[in-house]
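Fold and contact review
Below are the chains, spelled out letter by letter.
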Amino acid sequence: MRKTIGMNEAWKFIRQDVEQAEREGFNDEQWQHVTIPHTWNAIDGANGYEYYQGACWYRKPFKVEPSSEGNKVFIEFQGSNSITDVYVNGQHLGQHKGGYSTFRFDVTGVVKYGTTNVLAVKVDNTVVDDVYPQKADFTFYG
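Residues numbered from 1 in each chain as written. Predicted model: local features only at pLDDT ≥ 70, side-chain atom pairs only at ≥ 80, totals over all residues. Heavy atoms only, no water.

**Regarding the overall build of the protein**
Short version of the rule: Numbered from the N terminus, helices here are DSSP runs of H or I no shorter than four residues, and strands are runs of E no shorter than two. Any residue under 20% of the maximum accessible area for its type is buried, any over 50% is exposed, and the rest in between are partly exposed; the area is computed with a 1.4 Å probe on protein chains only. Note on definitions: a residue-residue contact is assigned when non-hydrogen atoms from the two residues lie within 4.5 Å. With residues, only the protein chains shown are counted as cover, and all accessible areas are computed by Shrake-Rupley using a 1.4 Å probe.
Within the protein one finds 0 helices and 8 strands. Its helices and strands in sequence order give the protein the pattern β-β-β-β-β-β-β-β, from N to C terminus. Of all 142 residues assigned to the protein, the portion counted as buried reaches 42%. Within the protein, contacts between residues at least 6 apart in sequence are counted, and of these 71% link residues at least 24 apart. Here the protein displays about 8,800 Å² of accessible surface, and carbon together with sulfur accounts for 47% of that area.

Shown next, in the form of structure tokens:
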């Protein structure tokens, strides 16, 4: 039987690229508290095409119950614009390119059961040639 756990609450966020933010013990105490879905261009994106483009970070502690051990465990995103790198406990799980599609990663091999894990997500909305869509009549929000 499949068990789904929502993780939209209690994220930490910073609107800049921070070195080593993927590390498990990284100090994110001064970061903004946000709920997902979230955009960092809610205000500046409404002013035309002069909005922040670049990398930002999200972090969240989470637990996986010991009863889940022996099962496959995945993390699923219902969209993230536009280049997303996902880390659990400092381990890079992979990268997704594209802003409007669901994607998931298998965390079975890196998650710790019954204790706190750290999910770190780097999202970059910079326009690049090999990631679609590239042009539209709306802001490519982060």
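Right, picking up where we left off after that structure.
**Side note on the nonpolar core**
Using the following cut-off: Within this scheme, the nonpolar core is defined by two criteria: the residues are buried Ala, Val, Leu, Ile, Met, Phe, Trp, Tyr or Cys, and they are joined through side-chain atoms within 4.5 Å.
Of all hydrophobic cores here, the largest spans 23 residues; its most connected members are Tyr58, Ile75 and Leu119. Listed by contribution, the elements that provide at least two residues to this core are strand E1 (11-14), strand E3 (55-63), strand E4 (74-77), strand E5 (83-88), strand E7 (103-106) and strand E8 (116-124). Leave out the neighbours within four places in its chain, and isoleucine 75 touches Met7, Leu93, Phe103, Arg104, Phe105, Val107 and Leu119. Judged by nonpolar contacts, the second largest core, of 8 residues, contains Ile14, Val18, Ala21 and Trp31.

**Observations regarding the pattern of salt bridges**
Heads up, the rule is: Salt bridges are defined as contacts in which a side-chain nitrogen from Lys or Arg sits within 4 Å of a carboxyl oxygen from Asp or Glu.
In total, this model carries 6 salt bridges according to the counting rule given. In this structure, lysine 12 engages aspartate 28 in a salt bridge whose closest nitrogen and oxygen atoms are separated by 3.7 Å. In this pair, lysine 12 is assigned in strand E1 and aspartate 28 in the loop between E1 and strand E2 (32-34), connecting sequence segments 16 residues apart. A relative accessible area of 14% means that lysine 12 is categorised as buried. Judged by its relative accessible area of 14%, aspartate 28 is buried. With its nearest N and O atoms 3.3 Å apart, the salt bridge here joins aspartate 17 to lysine 122. Within this pair, whereas aspartate 17 is found in the loop between E1 and E2, its partner lysine 122 is found in strand E8, the two being separated by 105 residues in sequence. Judged by relative accessible area, aspartate 17 falls into the partly exposed class, the value being 45%. A single salt-bridge network, built from bridges that share partners, covers Lys12, Asp28 and Arg59.

**Brief notes about the sheet that holds E3**
Using the following cut-off: What makes two strands pair is DSSP finding at least two bridges between them. Where helices are involved, their axes are fitted lines through C-alpha atoms of the stretch in contact, as for all axes, and angles between N-to-C directions lie from 0 to 180°.
With antiparallel pairing, 6 strands are arranged side by side in an open sheet as E2-E1-E3-E8-E5-E6. Of all the strands in the sheet, the pair left with one neighbour each is E2 and strand E6 (91-97). Between one strand and the next, the sheet's axes are offset by a mean angle of 25 degrees, whatever the strand orientation. Two elements, E1 and E2, share 3 bridges in a ladder whose sense is antiparallel. Bridge pairing links tryptophan 11 to valine 34 in E2.

**Observations concerning the layout of surface pockets**
How we decide: Of the grid points, spaced at 1 Å and generated over the protein atoms alone, those admitting a 1.4 Å probe that cannot get out make up cavities, while open sets with protein on both sides within 12 Å along at least five of seven lines make up pockets; any residue with an atom within 4 Å of a point is treated as lining. Grid points are joined across faces, edges and corners, and a volume is the space filled by probe spheres set on the points. Polar here means any residue other than Ala, Val, Leu, Ile, Met, Phe, Trp, Tyr, Cys and Pro, which are nonpolar, and Asp, Glu, Lys and Arg, which are charged; Gly is therefore polar.
Put simply, the largest pocket is a space of about 1,500 Å³. Of all the elements in the fold, those that place two or more residues in the lining of the largest pocket are E3, E4 and E8. Examining the composition of the lining of the largest pocket, we find that 4 residues originate from one element, E4, more than from any other. Considering only residue class, the lining of the largest pocket consists of 21 nonpolar, 16 polar and 7 charged.

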